[in-house]
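# Close look at the chain arrangement
The lines below spell out each chain.
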Amino acid sequence: MEEKTVNFLKQTFSEYYKQNKSRIAEPSRIHEREFGYWPFDGFMQRHLSVTNFSTFIDELVLKAPKGVYASCSYYDDPSLPMEDKGWNGGDLAFDIDCDDLELKCKQEHDRWLCRDCKKVGTGLRPKACTKCKENKITVLNWSCTICLDAAKEEIIKLNDILMNDFGINKKEISIFFSGNKGYHLTVESSTYEKLDKHERREIVNYVLAKELDLKYMGFDKKTNFKDLLLRLPQSTEPGWRGRLVEFFENYDDSSLTNFSKTEKVARIYNSKNIKFNKLFEDGIKKVRSTIDPLVTSDTSRIFRLPNSLHEKSGLCKTLCNSIDSFDPYTQSVVLDNEPIKININFCPKFTLKGVSYGPYKTQTLSLPKYAGVYLMSNKLAQVA
Amino acid sequence: MIDILNYIIGEDDKSKYPFLPEVGKQMTGRNIQDFLNSELPILENAKDRIIYSLKNGTSPEFDETIEMKTISKYSFPIAMLLVRSTNQSYLISRFALAESRRVEDILHNENPDVIPQIFKTILNVKLSQSKDINEESNVTSEFLVKNRFKYKISLSDYLSRSISLPKNQWRLVNRSVSSGYVFLTQDELITLLREEIYQMIRSKIEELKIPPALLEDESMKSTLEQILKVAPRPPKAKIQVFSGEYPPCVAKAIEMIQKGDQVPHSGKFLMTTFLLRAGKTVDDVIDMYPTNLGFNQNITRYQVEHIAGLKGGGTKYDVPSCSTMKMKDFCYKTDACGTIKNPLQFNGKTPVKKNGRKNS
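Computed from a predicted model, the values in this text were never measured in an experiment.

## Quick look at the overall build of chain B
Within chain B, the secondary structure is distributed over 18 helices and six strands. Expressed as a percentage of its 360 residues, the buried residues of chain B come to 38%. Intrachain contacts of chain B at a sequence separation of at least 6 include 70% that bridge at least 24 residues.

What follows is the structure, encoded as structure tokens:
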């Protein structure tokens, strides 16, 4: 990124923190959390202890970092090296990223650029440049409304699992738009804060339905049909048993409409025409929540601070008070609309604050600051 | 009769579960000599109980007569004193294991009303019974009956215990979970808590302080001699341990495991991951766990293979860092450790592959 562009972004981020001091809410248990920030022109600063949040915000205005973070974990002394901090527990934290969802729209809006011959291609990254066969490829992982709607669906499923299965109170759950490609969910609950890494990994496997074994759901090829009917769960049962059986009950097959729900499921299982294992996998994908497995079990990770700016978009990490109606491309746009002149390399179509922009080819034009910063943060434009 | 919550602990329960505080209360203020010199053969029964346990790995069965129930109730604390007096952790382990197996056998056929009270009292685990959980857990009684679920336990209490159980059956994803609780049958509940029953009995023995005068008592001395005469000797370590080559925490875990000392899960996990990373085979590591001290070889094999990434999701577990071991209270740092961050770096032998830390 050109120095002129970096300086512009730095100035913009500094102004944001200066004008929005009160907007950035102080995290709970501030003395027990580790803080960190990542300057535009330096290395990540971690292991910071914050005693006065207002002073910390003043520091952000001064340093104008590209990312600001706080730990989900609580420590005796957050300023010490990791091994000496004294871990006392932590919020349960989940991350959903639309890049992990294998969405078809990525084929349409993602781009790759060969740094050698400058060829630009559409869709997922090839193993080598299709023109010069070199492997010097830069990828643009773009995201669109479809991507973020899909991520929203995953976070809603996660929220349901946490409330219904784990008994977590709605008041203990906070859902945030991450500021770029997905959502974060944190749980501040004394019931779960002491879970260690291994126990958190069990939570991850539960949410992902990883290692779910048909045998423990009553499905068994050795069982005769009559016994199978008795063993299969009902859709009213809690947890995965109920969820998956409901999925099978709703399977669309006209030859099975006259059977009772349980008999329909049993017949699907025994059918020679239906590939049950494939259907089972489809069912899991449909009802599970596709979280990032590494984030939840990593208790030493630091998370982007709510209401701080994301360096890859210029959008703000935003609390979603009502996830169903949340519009990330409107509600997380916090920079002003003062026009700025930028040189664009290329960019797919995007929508911010209800206004559609692009697609653009190489050109110079004036855009509202939030849109210009969005492109510059995505490395698709520079200050003219 | 003493009321614990809703259930009344009776004399029958005290002989079955002689570690209940109620038995201790009955003994409070009474001189140990009263039991040693009792008309009832309490000391003799304690000796037989220990010898049988050490030889057979389980406790003897007692007659159902009132006299025998009284003898067995009081012979347990006397047996604990005798075993403690041997000062041999191997014998303490063997006896605690035998007694815990006896308790397990009883619990499998116990009245479901008694079980929550027993576990609440001895392990401070809160359980609800199925008859109380229909409404609060939003499940039907048909579901509970069909699956023979008699209890529910809080999810965090479940996870801290199930994590060391190897079978897929115990993975949270394969359990019925609702409203923060996990449902269990009676047999599953006892399996889930079996390790703790053993640890509880073991701790009770280890915490005993033997009055010096008691060791001078002739009947005690003679009984102790008879026990030691027939007590099995600790097995020789199958693998020579050169503690100098291992970091002190790993050496400590190996030493404790092979002596039959009480080792926390974190110590066993450390030893297993370290030895696997140091190039030992799965079979070598399994051989480190003495089967005659209660380590079930099948369970140990599954756990070691799981840690080695051969079972389950295929995750190969890393050696926990020094900070983790410190947090788990299993750090035995010496000057030789220097500033290492992972036991693998001890003596500068093995570099630790660093995983990139991401921020979300």
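Next, the rest of the story.
## A look at the interface of chain B and chain A
Facing 31 residues of chain B, the contacting portion of chain A comprises 36 residues. Of all the secondary-structure elements, those providing two or more residues to the side of chain B that touches chain A are helix H10 (155-162), strand S5 (177-178) and helix H18 (322-327) of chain B. Broken down by class, the residue content of the side of chain B that touches chain A amounts to eleven nonpolar, 16 polar and four charged.

## Things to note about the sheet that holds strand S2 (residues 45-49) of chain A
All names here are of chain A. With respect to topology, four strands assemble into an open sheet ordered S2-S1-S3-S12, the strand pairing being antiparallel. A strand with exactly one partner marks an edge of an open sheet, and here the two such strands are S2 and strand S12 (302-304). Averaged over all pairs of adjacent strands, the angle between strand axes in this sheet comes to 35 degrees, irrespective of strand direction. Looking at chain direction, strand S3 (residues 67-71) and S12 are connected through three bridges and run antiparallel. Residue Ser 71 lies in a different strand from S12, and its bridge partner there is Ile 302.

## Describing the domain arrangement of chain B
All names here are of chain B. In terms of domains, chain B is made up of domain 1 (2-108 + 197-230), domain 2 (114-195) and domain 3 (243-348). Contact residues are listed per partner, giving seven residues for domain 1 and six residues for domain 3. Those elements that place two or more of their residues in the side of domain 1 that touches domain 3 are helix H6 (89-108) and helix H11 (186-207). Among the elements that make up the side of domain 1 that touches domain 3, the one with the highest residue count is H6 (four residues). Here the residues of the side of domain 1 that touches domain 3 sort into three nonpolar, three polar and one charged.

## Here we look at helix H1 (residues 3-19) of chain A
Residues and elements named next belong to chain A. The terminal C-alpha atoms of H1, which comprises 17 residues, lie 24 Å apart, in line with the 24 Å expected from a rise of 1.5 Å per residue. Of all the positions in H1, only Thr 5, Leu 9, Thr 12, Phe 13, Tyr 16 and Tyr 17 are classed as buried. Summarising the axial view, the buried residues of H1 lie within an arc of 130 degrees, below the 170-degree limit, and thus occupy one face. Opposite the buried face of H1, by more than 90 degrees, sit the exposed residues Glu 3, Lys 4, Gln 11 and Gln 19. The inward-facing, buried residues of H1 contact helix H2 (53-63), helix H12 (369-377) and strand S18 (381-383).

## A closer look at the packing of helix H7 (residues 114-123) of chain B against H11(B)
Residue and element names in this part refer to chain B. For the pair H7 and H11, interaxial distance at closest approach is 11 Å and the crossing angle is 25 degrees. With respect to H11, the element H7 is oriented roughly parallel. Here H7 and H11 pass one another in a crossing that is left-handed. Residue-level contacts link Ile 115, Phe 119, Ile 122 and Leu 123 of H7 to Gln 186, Leu 189, Leu 193, Glu 196 and Met 200 of H11. For the contact of H7 with H11, the per-class residue count stands at seven nonpolar, one polar and one charged.

## Thoughts on the sheet that holds strand S6 (residues 181-184) of chain B
Residue and element names in this part refer to chain B. Read across the open sheet, the four strands follow the order S3-S4-S6-S5; overall the sheet is antiparallel. With partners counted over all chains shown, the strands left at the sheet margins are strand S3 (127-129) and S5, one partner each. The pairing of S3 with strand S4 (residues 151-154) spans three bridges and is classified as antiparallel. Residue Gln 129 lies in a different strand from S4, and its bridge partner there is Tyr 151. The strands touched by H10 are S4, S5 and S6; relative to S4, the strand with the most contacts, the crossing angle is about 85 degrees.

## What about the environment of Pro343(B)?
Residue position: Pro343(B) is located in the segment after H18. Placed 195 residues apart in sequence, Pro343(B) and Arg148(B) show a C-alpha to C-alpha distance of 45 Å.

## Looking at the nonpolar core
In this structure, Leu375(A) and Val83(B) are the most contacted members of the largest nonpolar core, which totals 137 residues. With residues up to four places along the chain from it excluded, the contact list for Leu375(A) reads Ile342(A), Ile344(A), Cys347(A), Leu380(A) and Ala381(A). Counting residues in hydrophobic clusters, the runner-up holds 25 residues, among them Tyr246(B), Ile257(B), Met288(B) and Ile307(B).

## With respect to the pairing of strand S11 (residues 182-187) of chain A
Residue and element names in this part refer to chain A. Within S11, six of the six residues are buried, leaving the element largely enclosed by the surrounding structure. Strand direction decides the pairing type here: strand S6 (residues 92-97) and S11, joined by six bridges, are antiparallel. Bridge pairing in S11 links Ala 93 to Thr 186. Two strands pair when backbone bridges link them, and strand S10 (residues 173-177) and S11 are joined in this way by five bridges, in the antiparallel orientation.

The rules behind each value
- Residues numbered from 1 in each chain as written.
- Chains lettered and ligands numbered in written order.
- Predicted model: local features only at pLDDT ≥ 70, side-chain atom pairs only at ≥ 80, totals over all residues.
- Helix = DSSP H or I, 4+ residues; strand = E, 2+ residues; numbered from the N terminus.
- Buried ≥ 20, exposed ≤ 12 C-beta atoms within 10 Å, placed from the backbone.
- Contact = placed C-beta atoms within 7 Å.
- Nonpolar A, V, L, I, M, F, W, Y, C, P; charged D, E, K, R; others polar.
- Pairing = 2+ DSSP bridges.
- Axes fitted to C-alpha atoms, helices over the stretch in contact; angles between N-to-C directions.
- Domains from an automatic or database assignment.
- Expected span 1.5 Å × (residues − 1).
- Arc of directions from axis to C-beta.
- Parallel < 35°, antiparallel > 145°, perpendicular 65-115°, else oblique.
- Left-handed = near helix turned anticlockwise from the far one by under 90°.
- Core = buried A, V, L, I, M, F, W, Y, C linked by C-beta atoms within 7 Å.

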